[in-house]
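Architecture and fold: a report
Residue strings, one per chain:
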Amino acid sequence: MKILVFNAGSSSQKSCLYDLTGENLPPRPPKPLWKGTIDWMGEDSAEMKIQVNGVVEQIPLGTISRQEGIKRMLNTLTTGKTKVLDDLGEIAIAGHRVVHGGAEYSQATLITPPVKAKIQELCALAPAHNPANLQGIEAIEQILGDLPQVAVFDTAFHSQMPEAAAVYPIPYRYYEQGIRRYGFHGISHGYCTQRAAEILGQPLTQLKLITCHLGNGCSLAAVDGGVSINTTMGFTPLEGVMMGTRSGSIDPAILIHWARESAMTGEEINALLNKEAGLKGITGVSGDMRWIEKAIQEGNKQAKLAWEMYILRLKMAIGSMLGALGGVDALVFMGGVGENSPAVRAEVCQGLGFLGLRLDGEQNSRSPRDCDIASPDSAVRVVIVQTEEDWAIAQDCWHLGKAC
Ligand SMILES: Nc1ncnc2c1ncn2[C@@H]1O[C@H](COP(=O)(O)OP(=O)(O)O)[C@@H](O)[C@H]1O
Ligand SMILES: CC(=O)OP(=O)(O)O
Ligand SMILES: [Mg+2]
């Protein structure tokens, strides 16, 4: 079964094609047959990168809409050096990461007109993500007609959070109107939860995990026996820890102050907190942890402050997940920072030494994939998992595709 996976970001469009043969799913993520990425670096310049069997093609696209970009990207499946299909009709099903699924969806769902309408309705709550997801779905409709499409929701993994974790302490009627904590990055938290249990060789049902998805966007989840019982993101992906360009949680009275005292519009405040805050807001230059770590070496004081704030807020969030769980068997690191920054992991783990948590420094410095990097005598395990959101989406498509 050939499965096309779409993972849309606010300024990127990632896609890959899996070819799953045989009766059962492979135990480990197979290499995709084809991988495509479009990055919109500036307002008017997009670049496409296609990878097939070691061949990498880099194609400048100039000014191009997401819909047109997707058409160009899919064209590389059937033409040129990156051709892997004779006809796009060979694709059996397409799966999309949809960031906001509201309270409706607790699992992956075949996309029907009502499902599409719901994703559209939720654009207001995830304006950087859901519109991009919808454009991907519509592009496939235009190019591949009635190909079955599946929505895999980032909110679904958190749908069993207890009410006490989901409700905000504001008049209850707002909860009834949908203003509640949903949680995000669930595809990653869910996949890494399963994988961590495999790596630890223990039944998931008996594990208390704190999963730390640290990418551009960052969130933590408290996972008890495989169920997310709390998480740091809330109504939108803006709540929680400090991120690359997002503030995470700040005193809501700051917004009231801005609304009263400045001429800033809602849109301007939104852009400031989502795109100009976090690590980038403090350094004034970059929200990329690689840049921060290098700038600290060069004596950049703002980079050092940004780093200290990021680590402090991360440790505070781990503390709150710990409080929700009432204990922890393993801390799980994933995402671009979680998988690749020995310094972030070391600093966070050092702060948790009082729990009897001890990192194996040599292992940590190598950033091994899918590996327990705690020392043998550590009271808490520490696991790095290479998150595989695309593969998690493909697995859901495979199950739903079989049932179609
Ligand atoms: N070697 C590295 N050291 C530290 N941070 C890294 C490294 N490689 C990637 N990163 C961080 O990972 C981030 C991207 O994470 P990723 O999970 O790929 O992001 P996204 O949220 O876009 O999916 C970059 O902004 C960068 O901060
Ligand atoms: C939900 C979310 O914040 O996603 P990302 O980190 O990919 O922007
Ligand atoms: Mg990501």
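You'll find the protein chain entered in an unreviewed UniProt entry as Acetate kinase, with Spirulina subsalsa FACHB-351 given as the organism. We quote the UniProt Function (unreviewed entry) comment for the protein chain here in full: "Catalyzes the formation of acetyl phosphate from acetate and ATP. Can also catalyze the reverse reaction."

The next point concerns the site of ligand 1. All residues adjacent to ligand 1 are Lys-14, Gly-215, Asn-216, Gly-217, Asp-288, Met-289, Arg-290, Gly-335, Gly-336, Val-337, Asn-340 and Ser-341. Contact between ligand 1 and Met-289: an oxygen atom at 2.7 Å from a main-chain N or O atom of the residue. One of the backbone N or O atoms of Gly-336 is found 2.9 Å from an oxygen atom in ligand 1. For ligand 1, the accessible surface in isolation is 570 Å², of which the surrounding protein chains cover 71%. At the level of secondary structure, the elements contributing two or more residues to the shell around ligand 1 comprise helix 10 (289–297) and helix 12 (335–340). Broken down by element, the shell around ligand 1 gets its largest block of residues, four residues, from helix 12.

Okay, a positive patch on the surface next. A surface patch of like charges, here positive, comprises Lys-14, Lys-31, Lys-35 and Lys-49. Here Lys-31 is to be found in the loop between strand 2 (12–19) and strand 3 (34–42). When its relative accessible area of 67% is taken as the criterion, Lys-31 is described as exposed.

Moving on, we come to helix 2 (residues 113–121). For helix 2, every residue scored as buried is listed here: Val-115, Lys-116, Lys-118 and Ile-119. Relative to the axis of helix 2, the buried residues are bounded by an arc of 160° and lie together on one face. Turned more than 90 degrees from where helix 2 packs its buried face, Pro-113, Pro-114 and Glu-121 sit exposed. Those residues of helix 2 that are buried lie in contact with strand 6 (93–98), strand 7 (109–110), helix 3 (130–144) and strand 8 (149–153).

Further remarks concern a nonpolar patch on the surface. A grouping of Ile-250, Ile-254 and Leu-255 is seen on the molecular surface, where their side chains present a nonpolar patch of about 190 Å² in accessible area. Mapped onto the elements, Ile-250 comes out in the loop between strand 11 (227–231) and helix 7 (252–261). Note on Ile-250: relative accessible area 33%, which makes it partly exposed.

Rules of the game
Residues numbered from 1 in each chain as written. Chains lettered and ligands numbered in written order. Predicted model: local features only at pLDDT ≥ 70, side-chain atom pairs only at ≥ 80, totals over all residues. Heavy atoms only, no water. UniProt positions renumbered as here; feature names shortened; annotations may be inferred. Near = heavy atom within 4 Å. Polar contact = N/O pair within 3.5 Å; in protein donor to acceptor, adjacent residues only side chain to side chain. Areas by Shrake-Rupley, 256 points an atom, 1.4 Å probe, with all protein chains shown as cover. Helix = DSSP H or I, 4+ residues; strand = E, 2+ residues; numbered from the N terminus. Patch = residues over 30% accessible without salt bridge, like charges linked within 9 Å, V, L, I, M, F, W, Y side chains within 5 Å. Salt bridge = Lys/Arg side-chain N within 4 Å of Asp/Glu carboxyl O. Lys, Arg positive; Asp, Glu negative; His and termini not counted. Charge placed at Lys NZ, Arg CZ, Asp CG, Glu CD. Buried < 20%, exposed > 50% of the residue type's maximum accessible area, 1.4 Å probe, protein only. Arc of directions from axis to C-beta. Contact = heavy atoms within 4.5 Å.

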